[in-house]
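# A structural walkthrough
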Amino acid sequence: MVPENLRELLPEFASDRTFLSALVVCSGASLVALRWLKQRNIRKKTEEAKKRSELGLREMERAVQRFKQENFTVDSGTILALSMVELADGLQHGSLTPESVLYTYMGKALELHMEVNCITDFIQECQSQLQELKKQKEKGPLYGIPFSIKKSVACKGYDSACGLLQFHDVLEQEDCVLIQVLKKQGGIPFVKTNIPQALLNYDCSNPVYGQTRNPLNHKKAPGGSSGGEGAIIAGGGSIVGIGSDMGGSLRFPASFCGICALNPTACRLSVCKTSVPIDGQTGVQIMLGPMAKDVDSLALFMRALLCDDMFRLDPTVPPIPFKDEIYSSSEPLRIGYFDNMSHFPALPSMKRAVHETKKLLEEAGHTLVAFSPPEFEGGATEMCCKLAFGDGGSAFTDQFKGNILDPHQIESVSLLRYPVFIKRIMAFFLKPWHPRYSSLLKALYKSRSVKALWANQKAQQNYKEEFIAEWKKLKLDVVLCPMLGPAFNIGYPGHLFAAICYTALFNILNFPSGVVPVGTVKEDDERQLKNYTSGYNDSWDKILRKAVEGSIGLPLSVQCVALPWQEELCLRFMKEVETLTAAKKRR
């Protein structure tokens, strides 16, 4: 048929079949031509973004070479072996120079990038900032400390695109509040790191910058969406970095790469000028938080951030300075613990990590109490979907228009794009043999109205009250629980979105939670994996087994959780776990 608007424009030809047929052919050819032009534009934008990244990395390499030629006596190995606290001490007292530290980490980051593909941008202004820093009379607590930034965090002069081409030529006009504060405290941002396309994936791949690999095993994913940060810190290319978290995006890379991370209470740190997966939704809030190899580094970073500059630049952040007396306390803790979530049962290695940590804590004089999180229909993943995708997912999927869709996003984006009636049919027919997938589909098609969103937010509030009531009933200080791991093989996170329940639970509750590595996968874990079953006997069991196979020697972590606004207590608990684990290794 000829479009009505063409008939109206050419009424005198409306009865001429030959003309109309030719017009249809021409219209078809025009559509093909438009599609070709669109694809060419996509390819062009992709190449432009890649070229900008490559030019920046070449400049980074030249800068490192110049420094090495002029300062060949600098002992890079000694600098890289220092903890962040030791590094800060050396910079404060002058035994280390900011130049030697910055260029050492730039060199290591480049070396690591060639192996795992973790850097998207070299922040060239770090060199001029270094010179300005040396002129200052007072040294901030982070004086001369280089740090890395997740791609989605705003840095002046660079894009914060999330692997989406429409944002790759939109350069930020100013630093986000967090970066401004860190600079005032003497920190030097020097690279931005890779992320999954549109963020909502705990793999780390996008069509512009490609796949980031786990530095501990290149067949494994580094986690996501702060995957580039996890990789660069675990590989030694950065000593501390900034990630973001809406369902586990700080904690997955920490778990998969064997480092530490803190996901704070929403609004404890400013999130101004940070790209988010879904603009406007607040049911599951995004947080920014630090990632590092040890807990003391996280504490130093938080101590530097929670200052008057933060509270002045972003008045929405409550003026609560870091409470050192809580972090440094040695009082015994009353610790709740659980080792499983029924909707997505934990792997044997995850349970072992919790119970071995529990034993260490008991031996150290802490009180451990069994804690059963209140159940709610469908589990944490479904509640997270209901809150985040209140429109059924259309706002999220609209971002992919005019983009090349990354292969690791195909399953989740396709699922969200299905019309409601297709989701209903699929949910009905899948229920007998894949009840968890059926339940997830229901969560998506039932959340498509303001009334439904309000009902879900009310259910969220009720659940939070019930959870806190149980916490208070047991008189708990903190909670110990599993963290998803070990690292998945590349490509598998996109097939197991429901597995985020272990982290999403605390995003829904808005509780601060941190990840600490406590051991490694053993041969017995691999043997037990073959018999793993959730009890649902669906395809997710088989996919999960394949996702984590071949993990002997890779890190296992636990989650440490506190009530809202108690980041210092959460960090103190994390430090206790870290210290006891280290002592066990020495024995």
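Structure first, text after, so check above.
Keep in mind the model is a prediction, meaning the values are calculated, not measured. Per chain, residues are indexed from 1 in the order of the written sequence. With the structure being a predicted model, the display of local features is reserved for residues of pLDDT at least 70 and the display and counting of side-chain atom pairs for 80 or more, all residues being used for whole-chain, interface and lining totals. The basis for the side-chain values is all heavy atoms of the structure; hydrogens and waters are excluded.

A word on the overall build of the protein chain. What counts as a helix is a DSSP run of H or I of at least four residues, what counts as a strand is a run of E of at least two, and both are numbered from the N terminus. Within the protein chain one finds 23 helices and 13 strands. In terms of overall dimensions, the protein chain has C-alpha extents of about 90 × 60 × 50 Å along its principal axes. Counting the 587 residues in the protein chain, one finds 58% classified as buried. Should any heavy atoms of two residues lie within 4.5 Å, those residues are counted as being in contact. The contacts in the protein chain between residues at least 6 apart in sequence include a share of 80% that link residues at least 24 apart. Computed with a 1.4 Å probe, the accessible areas rest on the Shrake-Rupley method; for each residue, only the protein chains presented here act as cover. When the accessible area of the protein chain is evaluated, it comes to approximately 24,800 Å², of which 55% is carbon and sulfur surface. Lys and Arg are tallied as positive, Asp and Glu as negative. Neither His nor the chain termini are counted. By convention, the point assigned to a charge is CZ for Arg, NZ for Lys, CD for Glu and CG for Asp. If you average the places of the 69 positive and of the 63 negative side-chain charges in the protein chain, the two averages end up 4 Å apart. Any residue under 20% of the maximum accessible area for its type is buried, any over 50% is exposed, and the rest in between are partly exposed; the area is computed with a 1.4 Å probe on protein chains only.

Disulfides are covalent bonds that connect the sulfur atoms of two cysteines. When the sulfur atoms of two cysteines come within 2.5 Å, that pair is taken as a disulfide. One pass over the full model with this rule turns up 0 disulfides. Here Cys 118 is not cross-linked by a disulfide; its sulfur's nearest cysteine counterpart is in Cys 204, at 9.1 Å. Exposure remark for Cys 118: the relative accessible area of 0% places this residue in the buried category. We note that Cys 257 lacks a disulfide partner, and the nearest cysteine sulfur, in Cys 204, lies 9.2 Å from it. Classification of Cys 257 by relative accessible area gives buried; the value is 3%.

Right, let's talk about the environment of Ser 53 for a bit. Note on placement: Ser 53 falls in helix α2 (residues 17–70). Counting along the chain gives 66 residues from Ser 53 to Ile 119, while the straight-line C-alpha distance between them is 8.5 Å.

Moving on to the sheet that holds strand β8 (residues 287–292). Hydrogen bonds along the backbone pair up the strands of a sheet, which may run parallel or antiparallel. For two strands to pair, DSSP has to find at least two bridges joining them. Read from one edge to the other, the open sheet built from 11 strands follows the order β1-β3-β2-β6-β8-β7-β12-β13-β11-β9-β10, with strand pairing classed as mixed. For this open sheet the edge positions go to β1 (119–122) and β10 (367–370), each flanked by a neighbour on one side alone. The mean angle between the axes of side-by-side strands here comes to 30°, regardless of whether they run parallel or antiparallel. Sheet topology note: the strand β6 (residues 240–245)/β8 ladder contains 6 bridges and is antiparallel. Its bridge partner lying in β8, Ile 242 is registered against Pro 290. Note on geometry: axes are C-alpha line fits, over the in-contact stretch for helices, and angles between N-to-C directions span 0 to 180 degrees.

So, about the packing of helix α10 (residues 295–305) against helix α23 (residues 567–586). As a packed pair, α10 and α23 sit with axes 9 Å apart at the nearest point and diverge in direction by 160°. One element, α10, and the other, α23, form an angle in the roughly antiparallel class. Note that α10 runs across α23; the crossing there is left-handed. Residue-level contacts link Val 295, Asp 296, Leu 298, Ala 299 and Met 302 of α10 to Glu 567, Leu 571, Met 574, Lys 575 and Glu 578 of α23. Residue classes follow a fixed rule: Ala, Val, Leu, Ile, Met, Phe, Trp, Tyr, Cys and Pro count as nonpolar, while Asp, Glu, Lys and Arg count as charged, and any other residue, Gly among them, counts as polar. Split by residue class, the contact of α10 with α23 holds 6 nonpolar, no polar and 4 charged. Here roughly perpendicular refers to angles of 65 to 115 degrees, roughly parallel to angles under 35, roughly antiparallel to angles over 145, and oblique to all remaining angles. Here a crossing is taken to be left-handed if its near helix is turned anticlockwise relative to the far helix by less than a right angle, and right-handed if that turn runs clockwise.

A word on the packing of helix α7 (residues 177–184) against α10. Running from amino to carboxyl end, α7 crosses α10 at an angle of 95°, the nearest separation of the two axes being 9 Å. By the criterion of interaxial angle, the relationship of α7 to α10 is roughly perpendicular. Side by side, α7 and α10 meet where Leu 178, Val 181 and Leu 182 of the first sit next to Phe 301, Ala 304 and Leu 305 of the second. In terms of residue class, the contact of α7 with α10 is made up of 6 nonpolar, no polar and no charged.

Let's shift gears to the packing of aromatic side chains. Pairs were defined over the aromatic rings of Phe, Tyr and Trp, the Trp ring being its six-membered one, requiring ring centres within 6.5 Å. Orientation was assigned from the angle between planes: stacked under 30 degrees, edge-to-face over 60, tilted for the rest. Applying the stated criterion across every chain yields a total of 21 aromatic pairs. A ring pair is formed by Phe 322 and Tyr 327, whose centres lie 6.1 Å apart and whose planes are at 65°; its orientation type is edge-to-face. When its relative accessible area of 11% is taken as the criterion, Tyr 327 is described as buried. Note on Phe 371 and Trp 471: the rings are 6.4 Å apart at their centroids and 75° apart in plane angle, and the pair reads as edge-to-face. Of the two residues, Phe 371 sits in the loop between β10 and α14 (379–388) while Trp 471 sits in helix α19 (residues 450–473), which places them 100 residues apart along the sequence. Here the two residues Phe 371 and Trp 471 agree in accessibility, since each one is buried. These aromatic residues form a ring-pair network of at least three members: Phe 338, Phe 371, Phe 376, Tyr 463, Phe 467, Trp 471 and Phe 511.

With that out of the way, let us pick up the side chain of Ser 53. Residue Ser 53 is classed as buried on the basis of its relative accessible area of 6%. Polar contacts, as counted here, are pairs of nitrogen or oxygen atoms within 3.5 Å of one another; within protein the pair requires one atom able to donate a hydrogen and one able to accept it, and residues that are adjacent in sequence qualify only if both atoms are side-chain atoms. From its side chain, Ser 53 meets the backbone oxygen of Thr 120 in a polar contact 2.7 Å long. Ignoring sequence-local partners within four residues, the contact set of Ser 53 consists of Ile 119, Thr 120 and Tyr 209.

Every α-helical turn comprises 3.6 residues, leaving residues that sit three or four positions apart pointing alike. The buried fraction of helix α18 (residues 435–445) is high, at 9 of 11 residues. Of all the positions in α18, only Arg 436, Tyr 437, Ser 438, Ser 439, Leu 440, Leu 441, Ala 443, Leu 444 and Tyr 445 are classed as buried. Next to the buried residues of α18 lie α14, α16 (410–417), α17 (420–430) and α22 (539–548).

Now for the pairing of β6. Within β6, 6 of the 6 residues are buried, which leaves the element mostly enclosed by the surrounding structure. Where strand β2 (residues 146–150) lies against β6, 2 bridges are found, and the strand directions are parallel. Note that in β6 the partner of Ser 148 across the bridge is Gly 241.

On to the nonpolar core, then. Buried Ala, Val, Leu, Ile, Met, Phe, Trp, Tyr and Cys residues that are joined via side-chain atoms within 4.5 Å together make up what is termed a nonpolar core. Within the largest apolar cluster, 173 residues are counted, with the highest numbers of intra-cluster contacts made by Met 60, Met 106, Leu 505 and Leu 571. Residue contributions to this core peak at 9 residues, all from helix α5 (residues 98–116). For Met 106, the contacting residues outside a window of four places in its chain are Met 60, Ala 63, Val 64, Phe 122, Cys 126 and Phe 190. Ile 42, Leu 165, Val 208 and Tyr 209 belong to the second largest nonpolar core, which has 5 residues in total.

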